[in-house]
Amino acid sequence: MIEAENLSFSYRTGEEDAVPALRGVDLRLGSGEFVALIGHNGSGKSTLVKLLVAVLHPTGGGLRVEGVPVRPGNELEVRRRVAVVFQNPDDQLIMNRVADDVAFGPENLGLEREEISRRVGFALRALGLEGMGERLVEELSPGEKQRVAIAGALAMRPRFLILDEPTSLLPAPVGRRLILTLRELNRREGMGVIHVTHSMSEAALFERVVVLDGGRVLMDGTPAEVFRRSGELRGAGLDVPLAVELADRLRGRGVPLRGDILDGPSLGEALAGLRGSRAEAGGP
Ligand SMILES: Nc1ncnc2c1ncn2[C@@H]1O[C@H](COP(=O)(O)OP(=O)(O)OP(=O)(O)O)[C@@H](O)[C@H]1O
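A few points on the structure.

The rules behind the values
Residues numbered from 1 in each chain as written. Predicted model: local features only at pLDDT ≥ 70, side-chain atom pairs only at ≥ 80, totals over all residues. Buried ≥ 20, exposed ≤ 12 C-beta atoms within 10 Å, placed from the backbone. Helix = DSSP H or I, 4+ residues; strand = E, 2+ residues; numbered from the N terminus. Contact = placed C-beta atoms within 7 Å. Pairing = 2+ DSSP bridges. Axes fitted to C-alpha atoms, helices over the stretch in contact; angles between N-to-C directions. Near = placed C-beta within 6 Å. Core = buried A, V, L, I, M, F, W, Y, C linked by C-beta atoms within 7 Å.

## Brief notes about helix H3 (residues 98-108)
Each α-helix turn comprises 3.6 residues. Residues three or four places apart therefore point the same way.
Here's step 1: Among all positions in H3, only Val98, Ala99, Asp101, Val102, Ala103, Gly105 and Pro106 are buried.
Here's step 2: Those residues of H3 hidden inside the fold are in contact with helix H4 (113-126) and helix H5 (142-154).
Here's step 3: Positive phi shows up at Gly110, right after H3, with a value of about 75 degrees.

## Concerning the pairing of strand S4 (residues 60-65)
Here's step 1: Both strand S1 (residues 2-12) and S4 contribute to a ladder of 5 bridges, which runs antiparallel. Looking at the pairing, Ile2 lines up with Val65 of S4.
Here's step 2: Between S4 and strand S5 (residues 68-69), which pair antiparallel one after the other, the connecting turn spans 2 residues, and Glu66 there sits at a positive phi close to 50 degrees.

## Focus on unusual backbone geometry
Excluding glycine, a negative phi dihedral is what most residues carry, and trans is how most peptide bonds are arranged.
Here's step 1: Despite not being glycine, Asn6 shows a phi value in the positive range, around 50 degrees.
Here's step 2: In this fold, Asn6 is placed in strand S1.

## Considerations on the sheet that holds S5
Here's step 1: Pairing is antiparallel across the open sheet formed by 4 strands, whose spatial order is S2-S1-S4-S5. Unpaired on one side and paired on the other, strand S2 (18-29) and S5 mark the two borders of the sheet.
Here's step 2: Pairing analysis gives 9 bridges linking S1 to S2, with the strands arranged antiparallel. Each residue of the ladder has a partner; that of Tyr11, found in S2, is Val19.
Here's step 3: Helix H1 (residues 45-52) contacts S1, S2 and S4 of the sheet and is inclined by roughly 65 degrees relative to S2.

## Some details on the environment of Arg187
Here's step 1: Its location among the elements puts Arg187 in helix H6 (residues 172-189).
Here's step 2: With 11 C-beta atoms packed within 10 Å, Arg187 lands in the exposed category.
Here's step 3: C-alpha separation for the pair Arg187 and Thr47, spaced 140 residues apart in sequence, amounts to 27 Å.

## Here's the deal with the site of the ligand
Here's step 1: Contacts to the ligand come from Tyr11, Thr13, Val19, Ala21, Gly39, Asn41, Gly42, Ser43, Gly44, Lys45, Ser46 and Thr47.
Here's step 2: Sorting the residues of the shell around the ligand by element identifies S2 and H1 as the ones contributing at least two each.
Here's step 3: Considering every element that reaches the shell around the ligand, the biggest residue donor is H1, with 3 residues.

## Re the sheet that holds strand S9 (residues 208-213)
In a beta sheet, neighbouring strands are held together by backbone hydrogen bonds and run either parallel or antiparallel to one another.
Here's step 1: Spatial strand order, S6-S7-S8-S3-S9-S10: 6 strands in an open sheet with mixed pairing. Single-partner strands in this sheet number two, and they are strand S6 (82-85) and strand S10 (216-221). On average, each strand axis in the sheet is inclined to that of its neighbour by 20 degrees, with strand direction left out of account.
Here's step 2: In this structure, S6 lies alongside strand S7 (residues 160-164), joined through 4 bridges in parallel fashion. Bridged to Val82 within S7 is Phe160.
Here's step 3: Against the sheet, H1 engages strand S3 (34-39), S6, S7, strand S8 (192-197) and S9, with an angle of about 150 degrees to S7.
Here's step 4: Relative to S6, H5 is tilted by about 170 degrees, and along the sheet it contacts S6 and S7.

## Focus on the environment of Leu267
Here's step 1: For Leu267, the position within the fold is in helix H11 (residues 264-280).
Here's step 2: Setting aside residues no more than four positions away along its own chain, Leu267 makes contact with Ala243, Leu246, Ala247 and Ile261.

## Quick look at the nonpolar core
When a protein is soluble and globular, its nonpolar side chains tend to lie buried together.
Here's step 1: By size, the foremost hydrophobic cluster in this structure holds 79 residues, and its most contacted members are Val102, Ala151 and Ile162.
Here's step 2: Among the elements that make up this core, the one with the highest residue count is H5 (6 residues).

## Quick word on the environment of Arg97
Here's step 1: As for its placement among the helices and strands, Arg97 is situated in the loop between S6 and H3.
Here's step 2: In this structure the C-alpha to C-alpha distance between Arg97 and Leu27, which are 70 residues apart in sequence, comes to 39 Å.

See below:
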């Protein structure tokens, strides 16, 4: 469980000046949840991620990760429970060979050789990288590098895996496949996933969506609950998915679309339902 209570953080920029980045965030995330964290530029997403892995410490309120308070001295205990993957895998990949890179984290945990090799095998398989252990990292595609970075985090066997905009440098279909892989891992391993993104269509793939705005939690709910508040989302500088936008406009013109519309297929279903009910009513 991650528990943030009235969590605040300000960057010190000078003797007196402080930039408030988080302003009283209350949030509870259970281990095993599959969550998208979304917000406009500067809303505080990266600051929250850095607090969650104890790169920063709260300047107000409290933050606990699986019962461990995030504060100076507890960094290693926190990082045993939470692993993070950043936007650009080139910043994170250290070793030349794929298998060595994935083994790097577990080696630093001081684990036995056998356990390390078990974890490397598991992580490579989980990310569809089996047979690639001997490859040189520099020869991989951006999508493959991102998967190696995630495999490295996974080999630490964290309770939570946090991904800070991991798809922003990938083509959309590759990013989508990556999210489906994460979903699979979340279901199978019960590992909590917190995925930071700017993209609402990506957020639609998660169970829970937390929207940050100006360092505060603006919304927290299922994608359907969040997308229903499309006006507020736009106000927070976020685009709703095209299908949600179209459904809003159609409903605004009196078209009685049923159900929650999150994406193209659910809009298609609602439109098909409309044709069905017209046919039943004997309409054209
Ligand atoms: N090192 C820093 N020093 C001073 N202010 C900072 C620093 N890093 C971030 N900020 C400020 O803190 C606020 C939150 O920034 P943060 O990077 O957490 O937002 P974000 O939602 O991750 O944005 P983006 O999507 O652009 O990465 C912003 O006002 C930002 O300008």
